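In case you want the letters, here they are:
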Amino acid sequence: MNLSSTIKSIQDIMRKDDGVDGDAQRLGQLTWMLFLKVFDQREEEWEDDNPAYQSPLPERFRWRNWAAYKADADGKKKPQIAGSELIGFVNNELFPTLKDQIDADRSPQHKVIREIFRDANNYMKSGPQMLAVIEKLEEAINFHDFKTRASLGDVYEQMLNDLRGAGNAGEFYTPRAITAFMADRVNPRLDKRETVMDPACGTGGFLTAAIDHFRNQLTTKSSAEDKRAIEGLIHGIEKKQLPHLLCTTNMLLHGIDVPSQIEHRNTLGIGWNEWSANDKVDCIITNPPFGGYEDDGVGSDYPADLRTRETADMFMALIIKKLLKENGRAAVVLPDGFLFGDGIKGTLKKLLLRDCKLHTIIRLPKGVFAPYTTIKTNLLFFTKGSTVDDGTEHFHTDTIWFYEHPYPPGYKSYSKTKPIRLEEFKPEQDWWGSEANDFADRVENEFAWKVDFKTKREQAEAAAQPHWQRAEELNNQAAALEAEAKDLRNSLTGSTDAAYREKIDAQIAELRAQAEPLRLQARDAQAAGDRLYWPIFNLDIKNPNAPEDEIHDPDLLLEKYKKLLGEIEETENQLKSELASALAHHFVGEDV
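Residues numbered from 1 in each chain as written. Predicted model: local features only at pLDDT ≥ 70, side-chain atom pairs only at ≥ 80, totals over all residues. Heavy atoms only, no water.

Participant: Describe the sheet that holds strand β7 (residues 324-335), listing the residues and the values that go with them.
Facilitator: Ordered in space as β5-β4-β3-β6-β7-β9-β8-β10-β11, the 9 strands form an open sheet in which the pairing is mixed. What marks the edges here is a single partner per strand, and that holds for β5 (262-264) and β11 (448-452). Between one strand axis and the next, the sheet turns through 15 degrees on average, direction left out of account. The sheet contact formed by strand β10 (residues 399-404) and β11 spans 5 bridges and is antiparallel. Paired with Phe402 across the two strands is Trp449, which belongs to β11. Helix-sheet contacts for helix α14 (residues 344-355) involve β8 (356-363), β9 (377-384) and β10, and the interaxial angle to β8 is about 115 degrees. (Pairing = 2+ DSSP bridges. Helix = DSSP H or I, 4+ residues; strand = E, 2+ residues; numbered from the N terminus. Axes fitted to C-alpha atoms, helices over the stretch in contact; angles between N-to-C directions. Contact = heavy atoms within 4.5 Å.)

In C-alpha cells form, the structure reads like this:
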C-alpha cells in the first residue's frame, strides 16, 4: 500500500471512532501522532550524529517507548500498551506531561514540544482504533528512507489541500502554485542570508516554498554552513492551534530540525510599540486572513489613522510600518475589496504607495481559493522605500504595473480537482524583468498594462490644492474668531458687573456665530479637495487592453441597454443644467 493510500486508510479508521468529528479533527489527531513518529525518527539520526544527544521528551513518552510496535521472542511485532489501556495512558499521562511539564526555557527543542502540545487534543476514544492507526503509521512511514521522506511531504501537502473542503479550516491552505510563484518573484537570497517571514503562516505553505527556493540556490560548491543557515532564515507566526501544529510538522518534514521560529501567538495581539527594529525582515510572503475581525482591544494602540479591527488591514499596517526592512521585499495576497476600498483602506493604500514602491499587481481570476472563498484576489508585490526626513511627503511609487492572470484554455473556473498550476505563471515570469532597472524591459500586452501613478497624483494634488488651501484659510479665520471669543471669556473672570457680563456674552455669541459658517465652509472646501484627490488610491483598475467580450445572454444585453439609457439621460440632464447656468445672466438682463 502506498503512502497516500495509507493516510486515507488511517482517516477511514478514525471515522469509526466516536470521538473524532470531521476532517479538521481527523487531521489534528493524525498530525500530533505523525509529529511524534517523525520526531522520533529524526532523533535517531541526531543520536547517530551526536552520541551525547539528549531528547527533550521524557524517556517514557518517546514514540519508541510507548507507540512503536516491538518484536517479541518469536520476532512478531506487538504493541507495547494494550488497546484497553492506551486511551487512559494518552489522556492521563502523555498529554498532561507534554502540555504542562516540559520546560520551554531549557532549549529550542523543549520550546517546540511545549508549543505543539499546549493546545493539542486527543480526540480518539477507542484504544483498538488508535492501535490500528499506530500500526499503519509504523508500516508506512520510514523517515530514514529518502523516497518515503520526499513522498510524505507531498502527501502532507495533499492532506492540507483536502482540508480546503472542511469549512473555515480551508483558510489554512494557499495553493502551492501561488506560494511557489510568490516565493520565486520575491527571490530571497541565501548568499545574502535574507530573512523570510510569514506573519500569518497557517500550515506553512509560504515558508516551505521559501525553503525550497533557498535549497534551489545550493550548488556543489555550497558549504555545510549554507545548508544549516536556511533554518535560521525562516520565521512564522500563527495564532490558531491546529495550523500551528500542522506548520511545525510541515517544517520537520522539510528538513527544519528545530522549528522553534514558528511561534504560536497572535501577530495582531502584539502591541504596536512592542515591535522593534530587530523584528524586521528582508522578505515577507503572506496571505493574511481577510474578511475577519479581531476582538475588541486588539490593535487599540495602533496609530489613530490606522486603527481598525479588520484583519487584513491590520496586517498591512504592520507589514509596511513594523515588519519590513528598508529595501525589503514583500508579496501579499489581498482581495479586490482592498483595491477599491476607501476610508481606512484608502489611508493604508496611501501609506503603501508613499512608503513603499508598489511595482506589480497580479490580478487573479475567480475560484483560485474555492471552495473557501470565491472572492477575486490579487498578488501585490512591493519594496520598502528608504526614509527621507526633510519635512515633505515623498512617494516611492511612480508606476504600477498590472497583469491579469487568465484561465487556462478550456477553463471557466478553478476547483479542488482542477486547481491553479505553477506552469500557468510562466508568461508572468517571462514578462517580469528586473527591479534593478525599474522593470524597463516590461511591455504592455493583452494581459499587462501600466498606470502612471506619479502623474495621476500630481494632477490630483494640483486640482485639490486650491480647495485645501481655501479650507485652511477659512479654518484660520474661524480659529482667530474663536481665540478672540476665548480671550473675552477669560476677561470675565472675577467680574460681577451684570451689564458688562451681558455685553461681553453678546460679543462672544456674535464671534461664534461668525466662526461657525466659516468652519462649515472649510469642511466643504476640504471635502471638495478630497473628492479630487482620494480616488487616485482606487487600485481596482480594469484591463484597458482586454478584448471586449461578446454578450449573447438576452438578460445581460437588456441590463446593459438600460444602463446605457440611464447614462444618456444623466448626460442630457448635465448638459441642460450647464446651459441653464451659462444663459441665466442673459435672461436676467432681458427681464431688467
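Participant: Summarise the pairing of β8; cite the residues concerned and give the values.
Facilitator: Counting buried positions along β8 yields 8 of 8 residues, so the element is predominantly enclosed. Pairing of β8 with β10, which is carried by 4 bridges, proceeds in the parallel orientation. Bridged to Ile361 within β10 is Phe402. (Buried < 20%, exposed > 50% of the residue type's maximum accessible area, 1.4 Å probe, protein only.)

Participant: Go over a nonpolar patch on the surface, please, and point to the residues and values.
Facilitator: A surface patch of nonpolar side chains, about 480 Å² in accessible area, is lined by Leu558, Tyr561, Leu564, Leu565 and Ile568. For Leu565, the location among the structural elements is in helix α18 (residues 554-591). Judged by relative accessible area, Leu565 falls into the partly exposed class, the value being 41%. (Patch = residues over 30% accessible without salt bridge, like charges linked within 9 Å, V, L, I, M, F, W, Y side chains within 5 Å. Areas by Shrake-Rupley, 256 points an atom, 1.4 Å probe, with all protein chains shown as cover. Salt bridge = Lys/Arg side-chain N within 4 Å of Asp/Glu carboxyl O.)

Participant: Can you break down the pattern of salt bridges residue by residue, with the values?
Facilitator: A pair can form between side chains of opposite charge whenever their charged atoms are brought close. This model, assessed by the stated rule, comprises 32 salt bridges. Of the charged contacts, one joins Glu263 and Arg265 as a salt bridge, the two residues approaching to 3.3 Å between their closest N and O atoms. For Glu263, a relative accessible area of 28% puts it in the partly exposed group. The class of Arg265 is partly exposed, set by a relative accessible area of 36%.

Participant: Before we move on, can you summarise the packing of aromatic side chains with the specific residues and values?
Facilitator: Applying the stated criterion across every chain yields a total of 29 aromatic pairs. Note on Trp46 and Tyr53: the rings are 5.8 Å apart at their centroids and 55 degrees apart in plane angle, and the pair reads as tilted. Judged by relative accessible area, which is 11%, Trp46 ranks as buried. For the pair Tyr533 and Phe537, a centre-to-centre distance of 5.4 Å together with 75 degrees between the ring planes defines the contact as edge-to-face. When sorted by exposure, Tyr533 lands in the same class as Phe537, which is buried. A connected cluster of aromatic rings, assembled from ring pairs, spans Phe181, Phe381, Trp401, Tyr403, Phe425, Trp431, Trp432 and Phe447. One residue, Arg442, lies across the ring of Trp432, its end atom 4.9 Å from the ring centre. (Phe/Tyr/Trp six-rings, centres within 6.5 Å; stacked < 30°, edge-to-face > 60°. Lys NZ or Arg CZ within 6 Å of the ring centre and 35° of its normal.)

Participant: Tell me about helix α10 (residues 224-233), and please be specific about residues and values.
Facilitator: Looking only at α10, the buried set comprises Asp226, Ala229, Ile230 and Leu233. Down the axis of α10, the smallest arc covering the buried residues is 115 degrees, so these residues share one side. Residues of α10 that are exposed and point over 90 degrees away from its buried face: Lys227 and Arg228. Packed against the buried residues of α10 are β3 (196-198), α9 (205-215) and β4 (234-238). (Arc of directions from axis to C-beta.)

Participant: Run through a negative patch on the surface, naming residues and quoting values.
Facilitator: A contiguous patch of negative charge, built from Glu567, Glu569, Glu570 and Glu572, is present on the exposed surface. A residue is classified by how much of its surface remains accessible, and Glu572, at 42% relative accessible area, is partly exposed. (Lys, Arg positive; Asp, Glu negative; His and termini not counted. Charge placed at Lys NZ, Arg CZ, Asp CG, Glu CD.)

Participant: Now, about the environment of Asp505: what can you tell me, with residues and values included?
Facilitator: One can find Asp505 in helix α17 (residues 498-533). Look past the residues within four positions of Asp505 in its chain and what remains in contact with it is Arg489 and Leu492.

Participant: Tell me what's going on with helix α12 (residues 311-323), and back it up with residues and numbers.
Facilitator: Over its 13 residues, α12 runs only 16 Å from end to end, short of the ideal 18 Å by more than 12%, given 1.5 Å per residue. If you check which residues of α12 are buried, you get Thr311, Ala312, Asp313, Met314, Phe315, Met316, Ala317, Leu318, Ile319, Ile320, Lys322 and Leu323. Residue Glu310 occupies the N-cap position of α12, its side-chain oxygen lying 3.3 Å from the main-chain nitrogen of Ala312. (Expected span 1.5 Å × (residues − 1). Polar contact = N/O pair within 3.5 Å; in protein donor to acceptor, adjacent residues only side chain to side chain.)

Participant: Help me get a handle on the nonpolar core, residues and values and all.
Facilitator: Judged by nonpolar contacts, the single largest core of 51 residues is most densely connected at Met316, Leu358, Leu380 and Phe382. When neighbours within four sequence positions are excluded, Leu380 is seen to be in contact with Ala330, Ala331, Val332, Leu334, Phe338, Leu339, Leu352, Leu358, Thr360 and Ile361. (Core = buried A, V, L, I, M, F, W, Y, C linked by side-chain atoms within 4.5 Å.)

Participant: Which residues make up unusual backbone geometry, and what are the values?
Facilitator: The backbone of Arg193 shows a phi angle near 55 degrees, a positive value even though the residue is not glycine. Assignment of secondary structure puts Arg193 in the loop between α8 (176-186) and β3. Phi angles above zero are rare outside glycine, and Phe439 is one such case at about 55 degrees. Structurally, the position occupied by Phe439 is in the loop between α15 (426-431) and β11.

Participant: Could you give an account of the confidence of the model for the protein chain, naming the residues involved and the relevant values?
Facilitator: Here the protein chain averages 86 in pLDDT, and 90% of its residues register 70 or above. Below pLDDT 50 for its whole length, residues 165-170 participates in 10 contacts with residues either more than four positions away or in separate chains. For the stretch residues 588-592, pLDDT sits under 50, and the model shows 0 contacts to residues farther than four places along the chain or on other chains. (pLDDT = per-residue confidence, 0-100.)

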